[in-house]
Amino acid sequence: MKVLIVEDSPVTRRLLRASLQKWQYEVTEAEHGAQAWELFRHEHFPLVLTDWLMPEMDGMELTRRIRELDLPSYVYIILLTAKSEKEDLVAAMDAGADDFLAKPFDPDELRVRVREGQRIITLERKLAEQNRQLRMTQAALVQSEKLASLGQLAAGMAHEINNPISYVANNLAVLNRDVRSVMQVLGAYRRAAAALIPADSQRGAELAELETDADLPWIEENLPHLFAASLEGLARVRNVVQNLREFARLDNAELDELDLQAALTSTLEVLTREIEEKQLTIQTAYGEVPPVLCQPGKIHQVFHNLLLNAIQASPLQGIIELRTAVARDQALIDVRDHGGGIEPDNLRRLFEPFFTTRAVGHGAGLGLAICYGIVRDHGGSIEVDTQLGRGSTFRVRLPLSPQPAQET
């Protein structure tokens, strides 16, 4: 365990270092609070052993500053002091100190107090890990409920939409065929009428007026195009429904082969509205990637969350890049946006359940946590490369065949 010693006395500092190193602690030294604060801003120390009275910055001020930081884990602080007044000790505890060690210190007392600090830090880490596991379990339960609801909704929508689409498509096909026949008959009548008009000029004038009012030439020219456009529109609706059905098979936990390119394409179809609202350009560079044996519904969920995040991070008329490749029996999937990037302070908490930088009501903070869990359960990994002002790339690595889930 790392220990930061903050002591302005070289002799005391040397004695502390010798004792701690003898007990197998990794020791870093600072001569005063300001130097310690600079070290602490660039490196995490679970345990700090600091003198109270020092030049530039004393131990009380150092303790206060450490407590004001948003740190990933607890820092145990022991104050070295010759003070014994109750008021002083209470003030130090209020500032955030955990324990005290009287000066001049006794090595046995130092060992016991440092060991107690280490025990508390270890317990805090175990508690944090248990809390993380509980949050991951909660996220998985939320995901399971969402997926089940989405699956039921998609199945109902597909059924309700497909039936009328079938009626309309069949009727249009029949109507197209019959109208073509009618137009052929009409053409025959027109040719026959041309020969009869000289014998009955009044009837001929009526026919000519009716043909002009109906704009028959325009109908003959455009009717086939109208039928073709209508059938194409129905085909697009059917395609959207099919993509939704494919995407919404999220509760299917059975292993199956998945075409990653097709999965990305169907997910983009589902997100068409969001893409068009921001006028985004999707650039793809798909490599020769064989089908991956996985749980298709869950991988669809990963793609949906990553693409939705990329869309939300992208500026208006921005670009999102998708790449696939194979490297060492792994499929690589890159999703890159050209947004503002991720702040370093947020990067370490990116896959933490319920962590979000969005306003309340605009994100539950579960998307990336779910992605991380799904990819991990497939024996893969998910990585982030980000630059402020230039965007972020999320890389998913999936084994081509199932692997044991990675330990967390």
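Up top is the structure.
Please read these numbers as outputs of a predicted model, since none were measured by experiment.

When you go through the protein residue by residue, the secondary structure sums to 12 helices and 12 strands. Here the protein holds 408 residues, and the buried ones make up 35% of them. The contacts of the protein with a sequence gap of at least 6 include a subset with a gap of at least 24, amounting to 72%.

Turning to the nonpolar core, a few remarks are in order. Proteins that are soluble and globular tend to have nonpolar side chains buried together. Core analysis: the largest hydrophobic core is formed by 34 residues, its most contacted members being Leu260, Ile299, Val302, Phe303, Leu306, Ile333 and Val396. At 7 residues, helix 10 (residues 296-313) tops the list of elements feeding residues into this core. Setting aside residues up to four positions removed in sequence, Phe303 forms contacts with Leu260, Ala263, Leu264, Thr267 and Ile333. Val27, Leu49, Ile78 and Leu110 belong to the second largest nonpolar core, which has 16 residues in total.

Looking at where Ser73 falls in the secondary structure, it is placed in the loop between helix 3 (59-68) and strand 4 (76-81). Within the local environment of Ser73, its side chain forms a polar contact with the side chain of His44, the two groups lying 3.1 Å apart. In this structure Ser73 touches His44 and Glu124, once residues within four positions along its chain are discounted.

Another aspect to go through is the sheet that holds strand 12 (residues 391-399). Read from one edge to the other, the open sheet built from 5 strands follows the order 7-9-10-12-11, with strand pairing classed as mixed. Both outer strands of the open sheet, strand 7 (281-286) and strand 11 (381-387), are each paired with one neighbouring strand and no more. Within this sheet the neighbouring strands show an average axis-to-axis angle of 15°, counted without direction. Lying on the sheet, helix 8 (residues 260-270) is in contact with strand 7, strand 9 (319-327) and strand 10 (330-337); it crosses strand 7 at an angle near 170°.

Interaxial distance between helix 3 and helix 4 (residues 86-95) falls to 8 Å at its minimum, and their mutual angle equals 25°. The angle between helix 3 and helix 4 places the two elements in the roughly parallel class. Only Ala91, Ala92 and Ala95 of helix 4 make contact with helix 3, whose side of the interface consists of Met60, Thr63, Arg64 and Arg67. Residues of the contact of helix 3 with helix 4, tallied by class, amount to 4 nonpolar, 1 polar and 2 charged.

It is worth spelling out helix 3 at this point. Along helix 3, the positions that sit buried rather than exposed are Gly59, Met60, Leu62, Thr63 and Ile66. Summarising the axial view, the buried residues of helix 3 lie within an arc of 160°, below the 170-degree limit, and thus occupy one face. The elements touched by buried residues of helix 3 are strand 1 (2-6), helix 2 (33-42), strand 3 (47-51), strand 4 and helix 4. Looking at where helix 3 begins, the residue whose side-chain oxygen comes 3.2 Å from the main-chain nitrogen of Met60 is Asp58.

Another aspect to go through is the environment of Val292. Assignment of secondary structure puts Val292 in strand 8 (residues 292-294). Residues Val292 and Gln330, 38 residues apart in the sequence, show an inter-C-alpha distance of 9.1 Å. Setting aside residues up to four positions removed in sequence, Val292 forms contacts with Asp256, Glu257, Leu258, Leu260, Ala331, Pro399 and Leu400.

It is worth spelling out the sheet that holds strand 3 at this point. Across the sheet, 5 strands lie side by side as 2-1-3-4-5; this open sheet has parallel pairing. Edge positions in the open sheet fall to strand 2 (26-30) and strand 5 (99-102), since each of these has one partner strand only. Taking the axes of each pair of neighbouring strands and ignoring which way they run, one obtains an average angle of 20° across the sheet. Packing against the sheet, helix 1 (residues 10-22) makes contact with strand 1, strand 2, strand 3 and strand 4, and its axis sits at approximately 170° to strand 2.

Moving on, we get to the pairing of strand 10. Buried residues dominate strand 10, accounting for 6 of its 8 residues. Both strand 9 and strand 10 contribute to a ladder of 8 bridges, which runs antiparallel. Its bridge partner being in strand 10, Ala325 is matched across the sheet by Leu332. Bridge analysis of strand 10 against strand 12 gives 7 bridges, and the strand direction is antiparallel. Residue pairing for strand 12: Arg336 is matched across the bridge by Thr393.

This brings us to unusual backbone geometry. Here the amide bond leading from Lys103 into Pro104 is cis, since omega sits at -5°, within 30 degrees of zero. Residue position: Pro104 is located in the loop between strand 5 and helix 5 (107-196). One non-glycine residue, Gln279, lies in positive phi territory at about 55°. Looking at the secondary structure, you find Gln279 in the loop between helix 9 (272-277) and strand 7. One non-glycine residue, Asp329, lies in positive phi territory at about 60°. Assignment of secondary structure puts Asp329 in the loop between strand 9 and strand 10. By relative accessible area, which is 62% here, Asp329 ends up exposed.

How each quantity is defined
- Residues numbered from 1 in each chain as written.
- Predicted model: local features only at pLDDT ≥ 70, side-chain atom pairs only at ≥ 80, totals over all residues.
- Heavy atoms only, no water.
- Helix = DSSP H or I, 4+ residues; strand = E, 2+ residues; numbered from the N terminus.
- Buried < 20%, exposed > 50% of the residue type's maximum accessible area, 1.4 Å probe, protein only.
- Contact = heavy atoms within 4.5 Å.
- Core = buried A, V, L, I, M, F, W, Y, C linked by side-chain atoms within 4.5 Å.
- Polar contact = N/O pair within 3.5 Å; in protein donor to acceptor, adjacent residues only side chain to side chain.
- Pairing = 2+ DSSP bridges.
- Axes fitted to C-alpha atoms, helices over the stretch in contact; angles between N-to-C directions.
- Parallel < 35°, antiparallel > 145°, perpendicular 65-115°, else oblique.
- Nonpolar A, V, L, I, M, F, W, Y, C, P; charged D, E, K, R; others polar.
- Arc of directions from axis to C-beta.

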